[in-house]
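Breakdown of the fold
Chain by chain, the residues run as shown.
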Amino acid sequence: MRFDLDKIDTAVAYKLMAATVVPRPIGWVTTLDREGRINAAPYSFFNVMGTEPPVVALGILGDAQRGFKDSARNILDTGEFVVNLVPEALAPQMNVTAVDAPPGVDELELAGLTPALSAHVKPPRIAESPVSFECVNHSTVVTGPHQALVVGRVLAIHIADAFVKDAARGHVDTPGLNLVGRGFGATYIRSQDTFEMPRPTWATFKRSS
Ligand SMILES: Cc1cc2nc3c(=O)[nH]c(=O)nc-3n(C[C@H](O)[C@H](O)[C@H](O)COP(=O)(O)O)c2cc1C
């Protein structure tokens, strides 16, 4: 079946995309508004998009009532944000921060989470999260009414010591992080069910054929 997206309801189009592009990592974004008030919310339209320079991207949809969501508004206003990652143990708190609270509400406080000082940007990290990326706005494309694609340049990555296996080589205990991703609707995906598949090189590919 083919779905032509300009002929169907936008809510249906959202479901088609969000139910097929899975699993998606969750970027748990902390920002400050112009008055310096903390905001936190999860975004699963999120990924690493480059390494030289290191960049991440966030897809922030428009909100029918509020226009720009608070995270988008704050990034546009201040140019800074932190992306924290979500282990399974923090999934319930992450979900609390997705609440459609009015601007100015500190969702970290609502979820009983602790802000921790960042080194390069004003928005705090989430102390309980094992991984945080400090970011400045590299460029933001407003892709629709109040919808934004935010590209952030990563200035620093914090990883809890317990999960750093070899700092010089950049080896991390990824299974130990036990991060969750988003599936379809309210379904989440654990990162435990993995399999290994070494990547072929052209040299070995030619030899075996
Ligand atoms: C796991 C999860 C992932 C989400 N991903 C997105 C997303 O990628 N884009 C988006 O616009 N909203 C997403 N949301 C909804 C926002 O978190 C929600 O609208 C939130 O209220 C936005 O908060 P803010 O206005 O403080 O930025 C997601 C919600 C959950 C629970």
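Just so it is clear, the structure is predicted and the values come from calculations on it, not from any experiment.

Conventions and cut-offs
Residues numbered from 1 in each chain as written. Predicted model: local features only at pLDDT ≥ 70, side-chain atom pairs only at ≥ 80, totals over all residues. Heavy atoms only, no water. Salt bridge = Lys/Arg side-chain N within 4 Å of Asp/Glu carboxyl O. Buried < 20%, exposed > 50% of the residue type's maximum accessible area, 1.4 Å probe, protein only. UniProt positions renumbered as here; feature names shortened; annotations may be inferred. Helix = DSSP H or I, 4+ residues; strand = E, 2+ residues; numbered from the N terminus. Core = buried A, V, L, I, M, F, W, Y, C linked by side-chain atoms within 4.5 Å. Contact = heavy atoms within 4.5 Å. Pairing = 2+ DSSP bridges. Axes fitted to C-alpha atoms, helices over the stretch in contact; angles between N-to-C directions. Phe/Tyr/Trp six-rings, centres within 6.5 Å; stacked < 30°, edge-to-face > 60°. Polar contact = N/O pair within 3.5 Å; in protein donor to acceptor, adjacent residues only side chain to side chain.

Section: the pattern of salt bridges
In this structure the tally under the stated criterion is 9 salt bridges. Residue Arg-37 is joined to Asp-33 by a salt bridge in which the shortest nitrogen-to-oxygen separation is 2.7 Å. Look at Asp-33 and you get buried, because its relative accessible area is 10%.

Looking at the UniProt feature "domain: Flavin reductase like" (unreviewed entry) in the protein
Residues given the UniProt feature "domain: Flavin reductase like" (unreviewed entry) here are residues 19-173. The span residues 19-173 is 12% helix and 44% strand, and its two end C-alpha atoms sit 29 Å from each other.

Thoughts on the nonpolar core
Counting 21 residues, the largest nonpolar core has Leu-58, Phe-81 and Val-83 as the members making the most contacts within it. Elements supplying a minimum of two residues to this core: strand S3 (38-43), strand S5 (54-60), helix H2 (70-78), strand S6 (80-84), strand S9 (131-144) and strand S10 (147-159). Those residues in contact with Leu-58 that lie beyond four places of it in its chain are Val-29, Tyr-43, Phe-45, Phe-46, Ile-75, Phe-81, Ala-148, Leu-149 and Val-150. In this structure, Leu-90, Leu-113, Ile-126 and Val-180 belong to the second largest nonpolar core, which totals 13 residues.

Remarks on the sheet that holds S3
Taking strand neighbours across the sheet as the criterion, the 7 strands line up as S3-S2-S6-S9-S10-S5-S4 in an open arrangement whose pairing is antiparallel. At either end of the open sheet lies a strand with only one pairing partner, and these are S3 and strand S4 (46-51). When strand polarity is set aside, the average angle formed by the axes of neighbouring strands in this sheet is 30°. Two strands pair when backbone bridges link them, and S4 and S5 are joined in this way by 5 bridges, in the antiparallel orientation.

Remarks on unusual backbone geometry
Each neighbour pair has its own omega, and for Val-22 with Pro-23 the value is -10°, a cis peptide bond. Along the chain, Pro-23 falls in the loop between helix H1 (10-18) and strand S1 (24-25). At the junction of Glu-52 and Pro-53, the peptide bond is cis and its omega measures out at 5° in the coordinates. With a phi angle near 55°, Asn-178 is a residue other than glycine that sits in the positive phi range. Looking at the element boundaries, Asn-178 is found in the loop between helix H5 (174-177) and strand S13 (180-182). The exposure class assigned to Asn-178 is partly exposed, which follows from its relative accessible area of 23%.

A few points about the pairing of S3
Most of S3 sits inside the fold, with 6 of its 6 residues counted as buried. Across the two faces of S3 the burial is the same, with Ile-38, Ala-40 and Pro-42 and Asn-39, Ala-41 and Tyr-43 all buried. Pairing geometry for strand S2 (residues 27-32) and S3, over 6 bridges, is antiparallel. When the sheet's bridge partners are listed, Thr-31 is paired in S3 with Asn-39. Count of turn residues in the S2/S3 antiparallel hairpin: 5 residues, of which Gly-36 carries a positive phi of about 85°.

Topic: the sheet that holds S13
With antiparallel pairing, the 3 strands of this open sheet are ordered in space as S1-S13-S14. The sheet is open, and its two edges are formed by S1 and strand S14 (188-190), each paired on a single side. Bridge count for S1 against S13 is 2 bridges, and the pairing is antiparallel. Paired with Pro-25 across the strands is Gly-181, a residue of S13.

Observations concerning the packing of aromatic side chains
By convention here, two paired aromatic rings are described through the distance between centres and the angle between planes. Considering all chains together, one arrives at 2 aromatic pairs under this definition. Taking the centre distance of 6.4 Å and the plane angle of 55° together, the rings of Tyr-14 and Phe-45 count as tilted. Residue Tyr-14 is found in helix H1, and its partner Phe-45 is found in the loop between S3 and S4; the two are separated by 31 residues along the sequence.

Details of the side chain of Asp-70
Within the secondary structure layout, Asp-70 lies in helix H2. Within the structure, the side chain of Asp-70 is placed 3.4 Å from the side chain of Arg-66, a separation counted as a polar contact. Setting aside residues no more than four positions away along its own chain, Asp-70 makes contact with Asn-39, Ala-101, Pro-102 and Pro-103.

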